[in-house]
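Notes for the structure review
Read off the chains here:
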Amino acid sequence: SLAYLLFLPEQGPRAVLSAAWSSGKISLGSPQFVFSKPTFAVLAIYGIFYYFQRYAADQTVVQRYLAARSDREAVRGVVIGSLLCVPVWTLFMLAGTLCWTFFRISGERLPAYAAKADQAFPYFISHHIPPGLAGLFIAALFGAAMANLSSDLNALSAVGVEDYFRVFRPQASEKARLSCAKALVAAVGGLCVAVATLLAHTNGTALSLWYTISAIAAGGLVGLFLLAFFVPRAGRRAAYAGITASLVFTAYATLTSENGKIWNLGHFNFPLHNYMIGVIGHAVLLTVGWLVSLLAPESESAAEGLTFRNFRAGMPEKAQVSINRAV
């Protein structure tokens, strides 16, 4: 796709890249320290917490750590995945940039039904790449989507069965649990189709909408992980207090963001960009949980061997036993 985008225009690759550069499309964003817009600072802070949450507390990623033979192999997987994010995302963004540049310098107009930015690249694939390669591209796209969705659906069904179904029906047979897992996969899969259909009729781009939703929905998850990992005296009371504070803040910020689009409180509206909601939610949960752990410590707090102090000591045998029991 990149080769076609670079060499199809008569002006050549140099003209394509030059037009992208002069138009400000090859940029890391505004360097201003303004947190009410998606500047480089906002995206960098959001990215740090987003990937922290993904790699530390996301079921779809953690279940892959559990498949590793040792802690060393799990850490190696984290490092490789982190390093590969840079070239992969660079290629994704470059494809979008070159697609924008292609239509700009070629003078070709997109049809009326391709009014969204997300529709430009699929239109280019279907009209400027030979049918065989286009079909291979679509097949690869479906394969990648199915591979990602299968991990999410597996994680959701595992959580639904282990954390909810077994609580309400502890005597259920393995066959009943498997049937419940299949029903959950079917239900969530149908919900995915409905959300995708709704997204296709919205004006925003899929990526920006995902950033906003994940910032709000995952707000506090990193804070909860950090509270358990770095504050040994934090227990259930501290966790619940932090979660409650984070939920209250997230609800307030979501309703009053974008100049009070849903609930206008005037000067008391949330003044920052939507991407910052989750970031501050993490900080709120960690701070409130830490204060509660100081004011009202509990006798039963963090699991022995699973805090940062024990991790630095080299993961003692007790920690391995605790992890095995948890798995």
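Definitions and cut-offs
Residues numbered from 1 in each chain as written. Predicted model: local features only at pLDDT ≥ 70, side-chain atom pairs only at ≥ 80, totals over all residues. Heavy atoms only, no water. Patch = residues over 30% accessible without salt bridge, like charges linked within 9 Å, V, L, I, M, F, W, Y side chains within 5 Å. Areas by Shrake-Rupley, 256 points an atom, 1.4 Å probe, with all protein chains shown as cover. Salt bridge = Lys/Arg side-chain N within 4 Å of Asp/Glu carboxyl O. Helix = DSSP H or I, 4+ residues; strand = E, 2+ residues; numbered from the N terminus. Buried < 20%, exposed > 50% of the residue type's maximum accessible area, 1.4 Å probe, protein only. Axes fitted to C-alpha atoms, helices over the stretch in contact; angles between N-to-C directions. Parallel < 35°, antiparallel > 145°, perpendicular 65-115°, else oblique. Left-handed = near helix turned anticlockwise from the far one by under 90°. Contact = heavy atoms within 4.5 Å. Nonpolar A, V, L, I, M, F, W, Y, C, P; charged D, E, K, R; others polar. Core = buried A, V, L, I, M, F, W, Y, C linked by side-chain atoms within 4.5 Å. pLDDT = per-residue confidence, 0-100. Disulfide = S-S within 2.5 Å.

A cluster of nonpolar side chains, namely Ile80, Leu84, Val88, Trp89, Leu91, Phe92, Met93, Leu207, Leu209, Trp210 and Ile213, defines an oily patch on the protein surface of about 1,000 Å² accessible area. Breaking the nonpolar patch down by element, the ones donating at least two residues are α5 (71-106) and α9 (206-217). Following the sequence through the fold, Val88 ends up in helix α5. Under the relative-accessibility criterion, Val88 is labelled partly exposed at 37%.

Moving on: the packing of helix α3 (residues 40-57) against helix α12 (residues 275-295). Here α3 crosses α12 at 50 degrees, and the two axes come no closer than 9 Å. Considered as vectors, α3 and α12 are oriented oblique to each other. Judged by the sense of rotation from one axis to the other, the crossing of α3 with α12 is left-handed. Packed against α3, whose contacting residues are Val42, Leu43, Ile45, Tyr46 and Phe49, the element α12 presents Tyr275, Met276, Val279 and His282 at the interface. The residue inventory of the contact of α3 with α12, partitioned by class, reads eight nonpolar, one polar and no charged.

Before going further, it helps to examine the side chain of Thr250. Among the structural elements, Thr250 can be located in helix α11 (residues 236-260). Those residues in contact with Thr250, other than ones at most four positions away along the chain, are Ile216 and Ile277.

So, on to the nonpolar core. Judged by nonpolar contacts, the single largest core of 13 residues is most densely connected at Leu5, Cys99, Phe103 and Phe124. If we ignore the near neighbours within four places in the chain, the residues touching Leu5 are Val16, Ala95, Leu98, Cys99, Phe102, Phe121 and Phe124. Counting residues in hydrophobic clusters, the runner-up holds 11 residues, among them Tyr46, Tyr211, Tyr275 and Met276.

A few words on the pattern of salt bridges. Inspection of every chain in the model, using the stated rule, returns four salt bridges. Salt-bridge contacts for Asp58 lead to Arg54; the nearest nitrogen and oxygen are separated by 3.2 Å. Since its relative accessible area comes to 15%, Asp58 is described here as buried. For the salt bridge of Glu174 with Arg177, the shortest nitrogen-to-oxygen distance reads 3.0 Å. Of this pair, Glu174 and Arg177 are both found in helix α8 (residues 174-200), three residues apart, which corresponds to roughly one turn of the helix. Given the relative accessible area of 12%, Arg177 is considered buried.

A few words on the confidence of the model for the protein. With 91% of its residues at a pLDDT of 70 or more, the protein shows a mean pLDDT of 85. In the model of the protein, helix α14 (residues 317-326) stands out as the element of lowest mean pLDDT, 51, in contrast to α12, which has the highest, 92.

Moving on: the state of the cysteines. Scanning all chains against the criterion turns up zero disulfides. Among the cysteines around Cys180, which has no disulfide bond, Cys192 carries the closest sulfur, lying 17 Å off.

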